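Breakdown of the fold
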Amino acid sequence: MMRGLPEKKPIAGVRHTIAVASGKGGVGKSTMAVNLAIALSLLGKRVGLLDADIYGPSLPTMMNLRGPPEADFDKKMLRPLVNYGISCMSMGFLLDEGSAVVWRGLMIMKALEQLIRQVDWSGNDILVIDMPPGTGDTQLTITQQIPLAGAVIVSTPQDIALLDAKKGIDMFNKVQVPILGLIQNMSMFECPNCHHQTHIFGEGGVKDTAVRLGVPFLGDVPLHREIMEGADKGRPVTVTDPHSKYAQTFMDIGKVLLERLDY
């Protein structure tokens with residue numbers, strides 16, 4: 001443990017907690033988190049999914065869920081909402097749709113603590129935390145309070161996205177959280193008519209970065225309409241078309257993550 005850091009307290013009833021993070025917004029991190037959570041569930045694990053983006057929660061839309069969650073008065077906890085076999089919690093369940101969160105840092109930290117400690121996550125093998133972009137208060141609160149099994153970093157091949165992804169890796173290194181691997185999202189676009197592949201955001205940048213930094217490369221996820229529309233409509237591709245090559249990509253990444261978690 002780093003000197004000066006508080007002792008980390010596990011989430012009751014959860015065996016492993018992993019963070020899905022990015023240094024930059026707009027790289028598809030939440031889409032990756034949702035599909036990875038479902039892939040891990042399809043691989044036989046009980047999975048929870050926590051939306052830690054207080055300002056911009058996307059889990060209600062992507063998982064087709066609406067709150068408010070029910071309270072367990074005996075345990076003095078909230079019960080997660082469930083869809084597609086995944087236990088979910090988000091600030092978006094507790095607010096009116098479209099309401100902005102206009103809070104200062106201390107209120108955000110208190111809300112995060114409640115989502116972590118006052119929600120009944122028990123019975124889950126893995127809790128996936130969909131982190132907000134950046135390396136600020138939310139990231140520090142989570143990494144300093146919870147013993148994370150590791151972090152998955154999502155980036156597009158763009159140089160500007162990779163620069164921020166490296167900052168995210170550096171932050172996790174500083175708080176002694178292992179990097180489980182990097183995912184290259186929007187790696188290429190395949191024309192549905194002629195099947196020509198175009199690397200719109202560059203080619204191989206995330207994989208090259210993983211090699212240079214000595215961290216695992218987990219795989220490529222293409223820019224594809226089925227993945228995007230599934231996220232917008234609350235019907236992830238791992239649910240609607242689990243045997244497709246796109247869903248199989250998430251399944252393959254899930255298998256690697258389970259190996260790294262010693263399952």
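Each remark here, short or long, concerns the structure printed above.
A short tour of the structure in this document, coming up. Quantities reported herein were computed from a predicted structural model and do not represent experimental measurements.

Examining the overall build of the protein
A count of helical and extended segments in the protein gives nine helices and 11 strands. The globule rule puts the C-alpha radius of gyration for 263 residues at 18 Å, and the 18 Å found for the protein is close to it. Taken along the three principal axes of its C-alpha coordinates, the protein extends 60 × 40 × 40 Å. A total of 263 residues make up the protein; the buried ones form 51% of that total. Across the protein, every contact between residues at least 6 apart in sequence was considered, and the portion connecting residues at least 24 apart equals 76%.

Examining helix α5 (residues 159-174)
Here α5 contains 16 residues, and its C-alpha end-to-end distance of 23 Å stays within 8% of the 22 Å for a straight helix at 1.5 Å per residue. Restricting attention to buried positions, one finds in α5 the residues Ala161, Leu162, Asp164, Ala165, Gly168, Ile169, Met171 and Phe172. Buried residues along α5 sit in contact with β1 (14-21), α4 (137-145), β8 (150-155), β9 (179-190) and α6 (205-213). Once α5 ends, the next one or two residues include Gln176, with phi positive near 60°.

What to know about the nonpolar core
By size, the foremost hydrophobic cluster in this structure holds 78 residues, and its most contacted members are Leu49, Met63, Val128, Ile129, Ile142, Phe172 and Ile183. In terms of residue count, the dominant contributor to this core is helix α1 (residues 29-42) (eight residues). Look past the residues within four positions of Ile129 in its chain and what remains in contact with it is Thr17, Ile18, Ala19, Val20, Leu50, Ala52, Ile142, Ile146 and Leu148.

Thoughts on the packing of α5 against α6
Two elements in contact, α5 and α6, have axes whose closest approach is 11 Å; the angle formed by their N-to-C orientations is 35°. As for how α5 packs across α6, the hand of that crossing is right-handed. The residues of α6 that touch α5, namely those facing Leu162, Lys166 and Ile169, are Gly205, Val206, Thr209, Arg212 and Leu213. When the residues that make up the contact of α5 with α6 are grouped by side-chain class, the tally is four nonpolar, two polar and two charged.

As for the pairing of β9
Extensive coverage of β9 is indicated by the burial of 11 of its 12 residues. Taken together, the five bridges between β9 and strand β11 (residues 217-223) define a ladder with parallel strand orientation. Opposite Phe189, over in β11, you have Leu223 as the bridge partner.

So, the side chain of Ser58
Looking at the secondary structure, you find Ser58 in the loop between β2 (47-51) and α2 (59-62). Ser58 gets classed as buried once you look at its relative accessible area, which sits at 18%. Once residues within four sequence positions are removed from consideration, Ser58 is found in contact with Ser30, Asp51 and Asp130.

Looking at the pattern of salt bridges
A side chain with one charge can pair with a side chain of the opposite charge if their charged atoms come near. Applying the stated criterion to the full structure yields eight salt bridges. Linking Asp130 and Lys29 is a salt bridge whose minimum nitrogen-to-oxygen distance equals 2.9 Å. Here the residue Asp130 occupies a position in strand β7 (residues 124-130), and Lys29 occupies one in helix α1, the gap between them amounting to 101 residues. Each member of the pair Asp130 and Lys29 is classed as buried. It is possible to trace a salt-bridge network through shared partners that takes in Glu70, Asp72 and Arg79.

Let's talk about a nonpolar patch on the surface
Together, Phe189, Ile200 and Leu223 line one region of the surface with nonpolar side chains, adding up to about 230 Å² of accessible area. Within the secondary structure, Ile200 sits in the loop between β10 (197-198) and α6.

Here we look at unusual backbone geometry
Of the consecutive residues Gly67 and Pro68, the connecting peptide bond is found in the cis state with omega at 5°. By the secondary structure assignment, Pro68 is in the loop between α2 and β3 (71-72). Although it is not a glycine, Asn64 adopts a positive phi angle of roughly 55°. Note that Asn64 resides in the loop between α2 and β3. Overall, Asn64 belongs to the partly exposed group, its relative accessible area being 45%. Residues other than glycine seldom take positive phi values, yet Met186 does so here, at roughly 55°. Within the secondary structure layout, Met186 lies in strand β9. Residue Met186 is classed as buried on the basis of its relative accessible area, which comes to 17%.

Calculation rules
- The residue count restarts for each chain, going from 1 along the sequence in the order it is written.
- Under the rules for a predicted model, residues below a pLDDT of 70 receive no local features and side-chain atom pairs below 80 are neither given nor counted, while totals for whole chains, interfaces and linings still include all residues.
- Based on all heavy atoms of the structure, the side-chain values leave hydrogens and waters out of the count.
- Under the DSSP-based scheme used, a helix requires at least four consecutive residues in state H or I and a strand at least two consecutive residues in state E, with every element numbered from the N terminus.
- Each radius of gyration reported is based on C-alpha atoms, and the globular scaling rule is 2.2 Å times the count of residues to the power 0.38.
- A 1.4 Å probe rolled over the protein chains alone gives each residue an accessible area, and that area as a share of the maximum for its type sets the label: buried under 20%, exposed over 50%, partly exposed in between.
- Should any heavy atoms of two residues lie within 4.5 Å, those residues are considered in contact.
- Residue count minus one, scaled by 1.5 Å, sets the expected span of a helix.
- In plain words, nonpolar cores are sets of buried Ala, Val, Leu, Ile, Met, Phe, Trp, Tyr and Cys residues tied together by side-chain atoms within 4.5 Å.
- Under this scheme, a helix contributes an axis fitted over its contacting stretch, all axes are lines through C-alpha atoms, and angles between N-to-C directions fall in the 0 to 180 degree range.
- Note on convention: the crossing is left-handed when the near helix lies turned anticlockwise from the far helix by less than a right angle, right-handed when the turn is clockwise.
- As a working rule, the residues Ala, Val, Leu, Ile, Met, Phe, Trp, Tyr, Cys and Pro are called nonpolar, Asp, Glu, Lys and Arg charged, and the rest polar, with Gly in that last group.
- One bridge is not enough; two strands pair if DSSP finds at least two bridges between them.
- In what follows, salt bridge is the name for a side-chain nitrogen of Lys or Arg lying within 4 Å of a carboxyl oxygen of Asp or Glu.
- A patch consists of residues exposed above 30% relative accessible area that lack any salt bridge, with like charges linked at up to 9 Å and nonpolar side chains (Val, Leu, Ile, Met, Phe, Trp, Tyr) linked at up to 5 Å.
- We get accessible surface area from the Shrake-Rupley algorithm with a probe of 1.4 Å; when it comes to residues, only the shown protein chains can shield them.

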